[in-house]
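# Chain and residue survey
Each chain, written out:
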Amino acid sequence: MSRTTEPAATLTVDDSRSGLLLFTISGHLDLTGAAALWKPAGELIEKHRPQRLQLDASGIDYCDGTGIGLLVELERRMRLAGGTFELRGLREEFTRLHEQFDLDSLVELPSSRPEPCCLPEATGMAVVKTWQALKTLIYFIGELTVALMAALKRPQSVRWRDVWLIAEKAGVDALPIVALLSFLVGLIMAFQAAIPMRQFGTEIYVANLIGLATLRELGPLMTAIILAGRSASAFAAEIGTMKVNEEIDALTTMGLEPVPFLVVTRVLAALFVTPLLTLFANLLGLAGGSVVLLSLNYPLVTYLNQVRSAVGFGDCLGGLAKSLVFGIIIAAIGCMQGLRTGTGASAVGDAATRAVVSGIVLIVIGDGVFSVLYYYLGI
Amino acid sequence: METAAKPIIEVEGLSAAYEERTILDNITFTVGRGEVFVILGGSGCGKSTLLKHLIGLYQPASGRVFIDGEDLAAAWGKARKALLGKIGVMYQHGALFGSMTLLENLCLPLEEFTDLPEPARRLIAAMNLSLVGLADYHHHYPAEISGGMRKRAAIARAMVLGPQILFLDEPSAGLDPVTSAEMDELILRLAGSLGITFVIVSHELPSINTIADRVIMLDKDSKSIIASGTPQQLAHSNIPKVRRFFARQAGNG
């Protein structure tokens, strides 16, 4: 006879008869007690491999769900090994609890997650998902275009108060970060360009570089990327949470379609603030470049004249036209991902991530398209 | 009912306030071991606030709450953890973790608080799910099941560590009469076979009549308990507000 003693429950073993293992469990079989006996009991069964396991449970004075779990586990193990299990002396109240479990359904332990699907199934599912996402995108673009046209025809139908509020949050509040990043990018770029150019005595052309790069590319692009990170994610999270809380359903049943009500206001706000922020970013980028040339002892007026000679009004307008499109992309993608949110807290996080990632990708692709277009148009 | 033994919950002069607004004023009651105790009252009378004080989520403005003889608000560190181990809570909307399957939701507390091997954790989680009638939903995510199922899964999660007291916030609110009756049966079954003490916030009269050993009724105006006793005693109370509450609900039911 061996004995495993634990503070809460005790397991006594009698293995004197061949093929038969006798367990006596007594004491408090709660979470602590059952957890302490779980492993030793399993190991004893493994060691003796009995055909019959008899459990004397008359000494159990308390048994909760986990305690019953231990009894079920012993029976399960015996069944799996093709043996028999006899439970004796369990008090009536615990027997009633024990009887509530359907052992047949517990013989095969469930895995904690559904089995991962095989490669063809996963591929098929991915294709279907992508196709559905594409359909949603097309549907959304159509719906948004119709809603924007309707807003153009009847501007009084737009909730302008919301538009200004969103414009303030997405635009005015973004000024410090746009200012900081544009200024630093202008400064760093000018500094990096000035070092090799100085070897040829052409550092004044840093002004041309900064002027062209900032106004045509970096100003609109940097602003759009900052807005995608800052506002597209915010739109997605806000609308996503509304979706999770059934607020979108409530709007729909009130007869307020979510696209005109939520998306148009955000797109209009983004259309309004993105060019303004881009203009601001352009100025700060140029200011960043000027710091480098000032430190190289060029007067400010020389820098400004050089910039003016290098870039024309068309470059600035071209950049601003791009920023308008970027604005629409940022707001529309943010809202679309928000509306596509599934259920649960993690779905909102996924929507925000998708909004930022697909927003930035589309902005960069859009920028490429503009570059080709401007090249052929000679802008 | 074993109210003669030392009560498992003692509330002494509890007051609760949100900033300046007093919600509960000087509330005193005890809950006996193994009792199904119902906190009753109209909306906005502080039922859920009281519950959150009982489970130690809020600090009382004054007064004390004892769980199994220990002051929950004063307990810190290990003592608090041990005390919280004695209670399980089902929140009104389930509060299951959306990114986990039901089985994982139940395995999480077992993983954090016990030394059970992994298969044992899955077995106990599966058993608790089958106890609430969700044996076929191990791999479902909370978003994929109905509200009633979510509540049952939440009860299973609250039970998984073998608590002595289960706090249920409106277990049958928003459920259809059949599911609501099933929920009542489940509570009675658990109270009977596991000897768990239940503290239930509810205003569903049919359900209260079926399950409650003792009821207290909170009142919005006096911010305190206006009646306590068995459901039958309250139904025949002399206090007009209590009688009205019961008569109106019975009319609805």
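Please read all numbers here as calculations on a predicted model, not as lab measurements. Residue positions are given per chain, counted from 1 along the sequence in the order it is written. Here the convention is simple: chains get letters from A, ligands get numbers from 1, in the order in which they are written. Selection of residues for local features in this predicted model requires a pLDDT of at least 70, selection of side-chain atom pairs for listing and counting requires 80 or more, and totals for whole chains, interfaces and linings are taken over all residues.

Next up on the list: the overall build of chain B. A tally of regular secondary structure across chain B gives nine helices and 10 strands. Buried residues are those with 20 or more other C-beta atoms within 10 Å of their own C-beta, exposed residues have 12 or fewer, and partly exposed residues lie in between; C-beta atoms are placed from the backbone. Within chain B, the proportion of its 253 residues that are buried is 47%. Here contacts are defined at the residue level, using C-beta atoms placed from the backbone and a cut-off of 7 Å between them. For chain B, contacts bridging at least 24 residues in sequence account for 65% of all contacts bridging at least 6. Comment: elements are numbered from the N terminus, with helices defined as DSSP H or I runs of at least four residues and strands as E runs of at least two.

Bringing the overall build of chain A into the picture now. Tallying secondary structure elements over chain A gives 13 helices and five strands in all. In chain A, which comprises 379 residues, the share counted as buried stands at 39%. Of all intrachain contacts in chain A linking residues separated by at least 6 positions in sequence, the fraction that spans at least 24 positions is 83%.

Nonpolar core, as used here: buried Ala, Val, Leu, Ile, Met, Phe, Trp, Tyr and Cys residues forming one set through C-beta atoms within 7 Å. B:Leu129, B:Ala156 and B:Val199 are the most contacted members of the largest nonpolar core, which has 109 residues in total. Look past the residues within four positions of B:Ala156 in its chain and what remains in contact with it is B:Leu106, B:Asn128, B:Leu129, B:Leu131, B:Val132 and B:Leu134. Judged by nonpolar contacts, the second largest core, of 66 residues, contains A:Met222, A:Leu227, A:Leu262 and A:Leu277.

Another aspect to go through is the confidence of the model for chain A. As a per-residue measure, pLDDT tells how confident the predictor is, with possible values from 0 to 100. The predicted model of chain A averages 89 in pLDDT, with 98% of residues at 70 or higher. Across residues 1-6 of chain A, where pLDDT falls below 50, the model places 11 contacts with residues more than four positions away in sequence or in other chains.

Here we come to the packing of helix α8 (residues 206-244) of chain A against helix α10 (residues 258-295) of chain A. Residues and elements named next belong to chain A. Axis geometry follows a simple rule: fit a line to the C-alpha atoms, using only the stretch in contact for helices, then measure angles between N-to-C directions, giving values from 0 to 180 degrees. Where α8 meets α10, the closest approach of the two axes is 7 Å, and the angle between their N-to-C directions is 145°. Relative to α10, α8 is oriented so that their crossing is right-handed. All amino acids are sorted into three groups, where Ala, Val, Leu, Ile, Met, Phe, Trp, Tyr, Cys and Pro are nonpolar, Asp, Glu, Lys and Arg are charged, and the leftover types, Gly among them, are polar. Within the contact of α8 with α10, the residues separate by chemical class into 17 nonpolar, nine polar and one charged. It is the rotation of the near helix from the far one that decides the hand of a crossing: anticlockwise by less than a right angle makes it left-handed, clockwise makes it right-handed.

Looking now at the sheet that holds strand β4 (residues 62-67) of chain B. Residue and element names in this part refer to chain B. Should DSSP find at least two bridges between two strands, the strands are regarded as paired. Pairing in this open sheet of four strands is antiparallel, and the strands run β2-β1-β4-β5 from one edge to the other. Both outer strands of the open sheet, β2 (21-31) and β5 (70-71), are each paired with one neighbouring strand and no more. Pairing of strand β1 (residues 9-18) with β2, which is carried by seven bridges, proceeds in the antiparallel orientation. From the neighbouring strand, isoleucine 9 faces β2, where its bridge partner is valine 31. In the packing of helix α1 (residues 47-54) onto the sheet, the strands contacted are β1, β2 and β4, and the crossing angle to β1 comes to about 120°.

We now examine the interface of chain A and chain B. With 29 residues of chain A in contact, the opposing surface of chain B contributes 30 residues. Looking at the side of chain A that touches chain B, the elements with two or more residues in it are α1 (31-48), α2 (65-80), α3 (92-99), α4 (103-106) and α13 (345-377) of chain A. Element by element, the count of residues in the side of chain A that touches chain B is highest for α2(A), at five residues.

So, about the confidence of the model for chain B. In the predicted model, chain B carries a mean pLDDT of 84, and 96% of its residues have values of at least 70. Our summary of model confidence lists the complex with pTM equal to 0.70 and ipTM equal to 0.70.

Residue and element names in this part refer to chain B. Judged by how many residues are buried, α1 sits mostly within the fold: six of eight residues are covered. Looking only at α1, the buried set comprises Lys47, Thr49, Leu50, Leu51, His53 and Leu54. Within two residues after α1, glycine 56 carries a phi angle of roughly 80°, on the positive side.

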